[in-house]
Amino acid sequence: MSSLYFPAEHVVNGPGVGPGNAVSKTAQLRHMLRSNELEFILEAHNGISAVIAEEAGFKGIWASGLALSAQFGVRDNNETSWTQVVDMVEFMSDATSVPILLDGDTGYGNFNNVRRLVRKLEQRGVAGVCIEDKSFPKTNSFINGERQPLADINEFCGKIAAAKDSQLDDDFCVVARVEAYIAGRDTREAITRAEAYRKAGADSILIHSALSKPDQILEFAKEWGGRAPLVIVPTKYYSTPTHIFRDAGVSMVIWANHLIRSAVDAMQGTARQIFEDQSLVEVEDRVASIKEIFRLQCAEELAAAEHRYAKGTRPNTAAVVLAASRGDELTHLTHDRPKAMLSVNGKPLLARLVELCRKQGIDGISVVAGYRADSVDIKDIQLVLNDGHATSGELASLACARHSFREDTVILYGDLLFRSYILRELMESDSELTVVIDSQESDTGLARDDAYCSSPDNRSLWGQHVLLRRIAGDECRNGGRPDGRWIGMVRAQGDGRVWIEQGLDTLGTRPDFDRLTLGDLLNHIVAEGHPVRVMYIHGHWLDVNSLADLEQAGRFTAGQS
Ligand code: SPV
Ligand code: MG
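Because the structure is a prediction, the values reported are computed rather than measured.

A. Quick look at the side chain of D483. Tracing the chain through its elements places D483 in the loop between β18 (468–471) and β19 (484–493). R481 provides the closest opposite charge to the buried, unpaired D483, separated from it by 6.9 Å. From its side chain, D483 meets the backbone nitrogen of C453 in a polar contact 2.6 Å long. When neighbours within four sequence positions are excluded, D483 is seen to be in contact with D438, S439, A451, Y452, C453, S455, P456 and Y536.

As structure tokens, then:
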């Protein structure tokens, strides 16, 4: 992907052919313009949108003047300086391996400015420039196009010749954009101009039209007869079936502004929601994860480089997910799968849980399966079998996954759903052992999950230090009001992991070990005198024990992928 960090075979900015017989970006663009295929390039306006365009499969990128100015928050009237534009396309070029065609407006001045522009673009790894026959400062073609004066033909031919004479790389492409139709002129004028520009050295002609039907473009293409590759921008006549362009002999289609427009739409929705909610909870799981941003930035490459060049590693993190049980109350739905594999909005609960773990950078994920383990087909997890699942409980399942524990290990019930901030906060805990307790009052909670703590949740207190006293267990409520409900999520690091392993050893000798729960293990650790830190939450999670829970899970995940 990124040319800076992944020197892919075909990523070369200089002339012709580069190291390892790589094809330069300029040669790629030239080839696209000249090939007999109809080619497509997509607008991008900064580094990350350029990466997104390339990842989608586009073989080239249109650095749109409209989109570049919009992302700077200014108008498409040359309100940015040309160096600001060139700086941004350099970021785009650094981040991608496909050629970029810059919308160079009118060339930011006269022939001399165009010469300097071409030199700078070559130096920054940009494969070509498109210049249009209007005057500086220009206005976007869709704003009173007919009132915009066209450039003098000879003067514009001089710019094209100056551009071609300044390029050092023979493959650098100069595309001449004909604005005759935009200015209300006819096909004859458009052809006269295009032919003059071709003779002046243009590698390709971009013919622009603001009509909602492709009539002008098709008439032009017919008259033009393939004298030089033809580029079009069907922003206004977008409903035209693409094969019509192909049949007309068009070489390249520019989808000119759709990444900036989709970004604006998404950002407006997100901004409104956060403003109205005064909370991130509803938005968090609908926007790209931070991890996805890191991926687009090639953060992994830096981690690998750090490993190579700067010593020091982070402790590994693992998740152990307990998913062996069928789900007693859901037996009519769980003939062929455990309850963790029940689908919620088209995705198994367990797949959602695994995604939530990955989102927090947890990569070593082990799932302890038992009942219908054959149906647990989640990618990139380690499947651990609890063969005795029919007669054993949670702690026996956990013991099966002992070999998967790492320095930093999160243990979760397989039927959990929660907003991602809960696991993120848990991962930020610096305590050896931390349990997540929901302090929201609920009648539906099972008494065995009731949690008694050193103090109740004081939600107005930031950074409260609360310790677990006891999880109620199977006996009825042990007096007093519980401080919350244990949700089935615990993180152990350092000594915390040792306490868990020692607890498994000790409890493993008990005859009733197969009936013991995670709560029993936590109670044992507390009884041993070890501190078990409480992280209070207030709702924003659920587990699935009944049909009603399953329906609620559907609502909980609505709108998520
Ligand atoms: C651009 O994308 O900036 C263009 C195409 O020049 S258009 O907006 O259609 O003029
Ligand atoms: Mg433009």
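B. Structural view of the packing of aromatic side chains. Applying the stated criterion across every chain, the model contains five aromatic pairs. Measuring from centroid to centroid gives 5.9 Å for Y237 and F245, while their planes differ by 80 degrees, and the two rings are edge-to-face. Summarising the burial analysis for this pair, Y237 and F245 share the class buried. Measuring from centroid to centroid gives 6.0 Å for Y413 and W486, while their planes differ by 70 degrees, and the two rings are edge-to-face. Placement of Y413 in strand β14 (residues 408–413) and of W486 in strand β19 is noted, with a sequence separation of 73 residues between them. Directly above the ring of F142 sits K236, whose terminal nitrogen or CZ lies 4.7 Å from the centroid. For the cation-ring pair, R419 lies above F556, with the distance from its terminal atom to the ring centre recorded as 4.0 Å.

C. Examining the domain arrangement of the chain more closely. Under the domain assignment, the chain is made up of domain 1 (39–264), domain 2 (279–314) and domain 3 (315–556). Inter-centroid distance (C-alpha atoms) of domain 1 to domain 3 is 57 Å.

D. Examining the site of ligand 1 more closely. Close contacts around ligand 1 come from W62, S64, G65, L66, D103, N140, S141, F142, R177, H208 and A256, and that covers them all. Between an oxygen atom of ligand 1 and a side-chain N or O atom of W62, the distance comes to 3.1 Å. Contact with the protein chains covers 100% of the free accessible surface of ligand 1, which is 280 Å². When atom positions are compared with the pocket grids, ligand 1 is found to occupy the largest cavity. The class makeup of the residues in the shell around ligand 1 is four nonpolar, five polar and two charged.

E. Focus on the sheet that holds strand β7 (residues 230–232). The sheet built from eight strands closes into a barrel, its strands ordered β1-β2-β3-β4-β5-β6-β7-β8 with parallel pairing. The sheet shows a mean angle of 25 degrees between the axes of neighbouring strands, direction not considered. Alignment of β7 against strand β8 (residues 252–255), held across two bridges, turns out to be parallel. Each residue of the ladder has a partner; that of V231, found in β8, is M252.

F. Spatial organisation of empty space enclosed by the protein. Under the counting rule described, the total for this entry stands at three cavities of 30 Å³ or more. Broken down by class, the residue content of the lining of the largest cavity amounts to five nonpolar, six polar and four charged. In this structure, the second largest cavity spans a volume of roughly 100 Å³. Along its surface, the second largest cavity is lined by 14 residues, and G65, S69, T80, V85 and D105 are the ones closest to its centre. A total of four residues in the lining of the second largest cavity trace back to one element, the largest contributor, which is helix α3 (residues 65–72). Here the residues of the lining of the second largest cavity are counted per class, giving four nonpolar, five polar and five charged.

G. Examining the pattern of salt bridges more closely. Scanning the entire structure with this criterion turns up 38 salt bridges. Linking E282 and R419 is a salt bridge whose minimum nitrogen-to-oxygen distance equals 3.9 Å. One end of the pair, E282, is in helix α11 (residues 281–284); the other, R419, is in the loop between β15 (416–418) and α16 (420–428), and 137 residues separate them in sequence. Given a relative accessible area of 8%, R419 falls into the buried group. We note a salt bridge from D543 to R485, for which the minimum N-O separation is 3.1 Å. On the criterion of sequence distance, the pair formed by D543 in strand β21 (residues 541–543) and R485 in strand β19 is long-range, its members being 58 residues apart.

H. Fine view of helix α19 (residues 547–556). Among the residues of α19, D549, L550, A553, G554 and F556 are the ones counted as buried. One side of α19 carries all its buried residues, which in axial view fall inside an arc of 160 degrees. Facing away from the buried surface of α19 by more than 90 degrees, the exposed residues are E551 and R555. Tucked inside the fold, the buried residues of α19 contact β10 (343–344), β15 and β21.

Conventions and cut-offs
- Residues numbered from 1 in each chain as written.
- Chains lettered and ligands numbered in written order.
- Predicted model: local features only at pLDDT ≥ 70, side-chain atom pairs only at ≥ 80, totals over all residues.
- Heavy atoms only, no water.
- Helix = DSSP H or I, 4+ residues; strand = E, 2+ residues; numbered from the N terminus.
- Buried < 20%, exposed > 50% of the residue type's maximum accessible area, 1.4 Å probe, protein only.
- Lys, Arg positive; Asp, Glu negative; His and termini not counted.
- Salt bridge = Lys/Arg side-chain N within 4 Å of Asp/Glu carboxyl O.
- Polar contact = N/O pair within 3.5 Å; in protein donor to acceptor, adjacent residues only side chain to side chain.
- Contact = heavy atoms within 4.5 Å.
- Phe/Tyr/Trp six-rings, centres within 6.5 Å; stacked < 30°, edge-to-face > 60°.
- Lys NZ or Arg CZ within 6 Å of the ring centre and 35° of its normal.
- Domains from an automatic or database assignment.
- Near = heavy atom within 4 Å.
- Areas by Shrake-Rupley, 256 points an atom, 1.4 Å probe, with all protein chains shown as cover.
- 1 Å grid on protein atoms, 1.4 Å probe; cavity = no way out; pocket = protein on both sides within 12 Å on 5 of 7 lines; lining within 4 Å.
- Sits in = over half its atoms within 2 Å of the grid points.
- Nonpolar A, V, L, I, M, F, W, Y, C, P; charged D, E, K, R; others polar.
- Pairing = 2+ DSSP bridges.
- Axes fitted to C-alpha atoms, helices over the stretch in contact; angles between N-to-C directions.
- Points joined across faces, edges and corners; volume = space filled by probe spheres on them.
- Arc of directions from axis to C-beta.

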